[in-house]
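Summary of structural features
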Amino acid sequence: MERDREQGYLEIFQEVAKLISMVLDPQQVMDLVVRRLPELLEVDAATIRLLDAGTNTFVLGAAHGLSDEYLARGFIDSRDVMEMIMKGRPVAKTALDADPLYQHSAEAAREGIKSVLSLPIIFQDHIIGVMRLLTRKNRSFTAREISFSMTLAEQIGVAISSGRLFKEMENQVDFLKEVHEISRLVNSTLDLNTILQTIVDRLPGVMGMKACTIRLLQPETNQLELAAASGLSAEYLQRGSIRKEDSIFQALKGEPVAVYDAPNDPRVQYHEAICKEGIKSILAVPIKKGPEIIGVLRLLTTEHHCFTASEVIFATAVAEESGSAILNALTFQKINLLFNQIEENELFLQAIMDSLQDRIIVVDGKKRVVMVNRGFVEQENRSEQALLGQPYDCISPWEKGEGQPCPIEQVLATGEILVRTERLMVNDQPLWLERSIFPIFADAGGVEYAVETLRDITSQKSLEQERMEREKMAGVLEMAGTVAHELNSPLFAALGTAELLRDELEKEEQRKEMDIILRNMRSMGALTKKMVAMTGFASKEYVGDTRIIEFH
Amino acid sequence: MAEIIALDDVYDAVILIKKILNKKGHVVHTFTEEEEAVDFVRSHAVDLAILDIKLKKMSGIEVLAQMKKILPEIRAIILTGYPTVETAREAISLGANEYCVKPIDKEELEEKVSRVLGEGNGGITAG
């Protein structure tokens, strides 16, 4: 009998050892132990619970021989038993139904439990779980049984830990691949929304979680604003500001925050909305770019979830990768905005230049055309594209005077404004242009560009000429008046005296000659009268540009 | 028969007026200096003053104004080599009887003098 039992111990030990070396899933090891151990140790039931480091509670790992109701109870054992377990010691209790101090006897009684052997599962001096063997008859456990069970529990500890380690490594490899993939995706675009949506769409799937949100700090207000979300209802997303949540404070300080029990944890607000949405656990990690925190990424689950170190590291790594991409996208957005502004400014400037009547041309230091306005384009009858980049001399309407320095070159060399009036003949009509050339200086000094404006001043010029002619005419008239006036008195004297003399002449021949004198003097008088009586005048062309006054 | 003074800065002009009007039996006193002419009016009963507009120091209009003050009933013929609306208006307002543009010929002068002297109180006649 004893030998059989020992054989049984050995077998189960071998099986467990084999499983540990072959099977990587600690669940299988736990299932095997709880199934096989009751028969071997003549107990009715066995459970294995694992310590959740995040919540410091024991979570059911495997069970055999117990009802779901019993397993679902909120406690495991009395405080003193749990304290002993946490100290690494096994505790055996019997006759529970008769023990008035055993607080939880009601559940035990319902299940018919009389004796329990609780054993800590230890790995490298850490309690990682508890194994319990239960009987429905009063039973005492021998030292040998306890010792065997302890050894087995230790083996389970090794199996669980190595399984976890393997799972962790597997996860890490997966995560590493995923970090790489997400990094590739987010860095393949400069569109901020695509980047954010890629992360929130992909990350929950990879981590087996329900939802993901990204909030970014707005540089203007330094407030977090929701930038992207997946897996959450609009109602939940609009529940209100979360800037006063401790979890957010912590994340903004650069620390990841894992909230196991979101509906009750004081580090998050809006518990009602959280319950309604079915959120159980939340992981918040900072989005960083170098030392700077630019936002917070949150992962949400619909099952209570204890976030493992590698999950936290993974989420943090993704958030950091995203940080670079987000910042690049933001920079790109800024550059784009600036570019658009520059483009708008340029259009505005062009519109101003085009609205001016003057013809405007801008040339660079090498005398190549860099800008022309519509006035210039229309006058040249060539497209703007055909004009840009052309050497100035090819499109300038000016003939190059032999030996004369080019005015543009002069302005580029001296930096002094040059204004001159030039006369062109267009279709045999004179065209007067006022030509002004202004230098544009480079920051480092020296003339970088020259702006030439051409203003048609033909009508102004003709007005000016008319005015000059009018003034000249007024001068002529004034002089004619003065001359006439000065002539009239002597003419009057001469004419009158001649008339008197004629009356005294006796010879007919002399009188005829005097008449010639009188006739000519009278026509002189008639002329001076015309001159002074003139109220208006007309001019007529004489020779070339010279005009003479015609008296009426 | 009338007492007439002729004032012009051109000596030959006043001599001519004198010759023409003497033949018509008038007594003509000739002047080229404005003050002398004005002084003459102070001490003589003059019927008619023939004044050129352009004189040496003053204008004929100013001389007429002074003479009218001394002798309000004096009649006047203003001669000008360069008529303007302003001088014509001033001459009329000062009571000039005629406003003639030089050169004026013998017959015209005789006719105008005779008409001015023949008028009752000297309203101007367009000429």
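It should be emphasised that the depicted structure is a prediction, and the values quoted were computed from it without experimental measurement. (Residues numbered from 1 in each chain as written. Chains lettered and ligands numbered in written order. Predicted model: local features only at pLDDT ≥ 70, side-chain atom pairs only at ≥ 80, totals over all residues.)

We now examine the sheet that holds strand β5 (residues 98–101) of chain B. Residues and elements named next belong to chain B. An order of β2-β1-β3-β4-β5 is seen for the 5 strands of this open sheet, with the pairing classed as parallel. If you trace the sheet from one side to the other, it starts and ends with β2 (27–31) and β5, each paired once. The sheet shows a mean angle of 20° between the axes of neighbouring strands, taken without regard to direction. Seen against the sheet, helix α5 (residues 106–118) touches β3 (48–52), β4 (75–80) and β5 and runs at an angle of roughly 150° to β4. (Pairing = 2+ DSSP bridges. Helix = DSSP H or I, 4+ residues; strand = E, 2+ residues; numbered from the N terminus. Axes fitted to C-alpha atoms, helices over the stretch in contact; angles between N-to-C directions. Contact = placed C-beta atoms within 7 Å.)

The subject of this paragraph is the environment of G129(A). Residue and element names in this part refer to chain A. If you trace the backbone, G129 turns up in strand β5 (residues 126–135). By the C-beta count within 10 Å, which is 26 here, G129 ends up buried. Along the sequence, G129 and R49 sit 80 residues apart, while their C-alpha atoms lie 5.4 Å from each other. Here G129 is in contact with I48, R49, L50, L51, F58, G61, I121 and I160, once residues within four sequence places are set aside. (Buried ≥ 20, exposed ≤ 12 C-beta atoms within 10 Å, placed from the backbone.)

Moving on, we come to the environment of S161(A). Residues and elements named next belong to chain A. Position of S161 among the secondary structure elements: in helix α6 (residues 143–187). For S161, a count of 18 C-beta atoms within 10 Å translates into the label partly exposed. Distance from S161 to F123, taken between C-alpha atoms, is 7.2 Å for residues 38 residues apart in sequence.

Once that is clear, we can look at the pairing of β5(A). All names here are of chain A. Where burial is concerned, most of β5 is hidden: 7 out of the 10 residues are buried. Inspection of the sheet shows strand β1 (residues 45–52) paired to β5 by 6 bridges, in the antiparallel sense. Across the sheet, residue I48 finds its bridge partner in β5, namely M131. Sheet topology places strand β4 (residues 115–123) next to β5; 9 bridges connect them, and they run antiparallel. Following the sheet pairing, I122 is matched in β5 by I127. Between β4 and β5, which pair antiparallel one after the other, the connecting turn spans 2 residues, and Q124 there sits at a positive phi close to 50°.

Further remarks concern the confidence of the model for chain B. Residues and elements named next belong to chain B. Per-residue confidence for chain B gives a mean pLDDT of 86; residues scoring 70 or more make up 93%. For the stretch residues 121–127, pLDDT sits under 50, and the model shows 15 contacts to residues farther than four places along the chain or on other chains. Listed scores for the predicted complex are pTM 0.49 and ipTM 0.71. (pLDDT = per-residue confidence, 0-100.)

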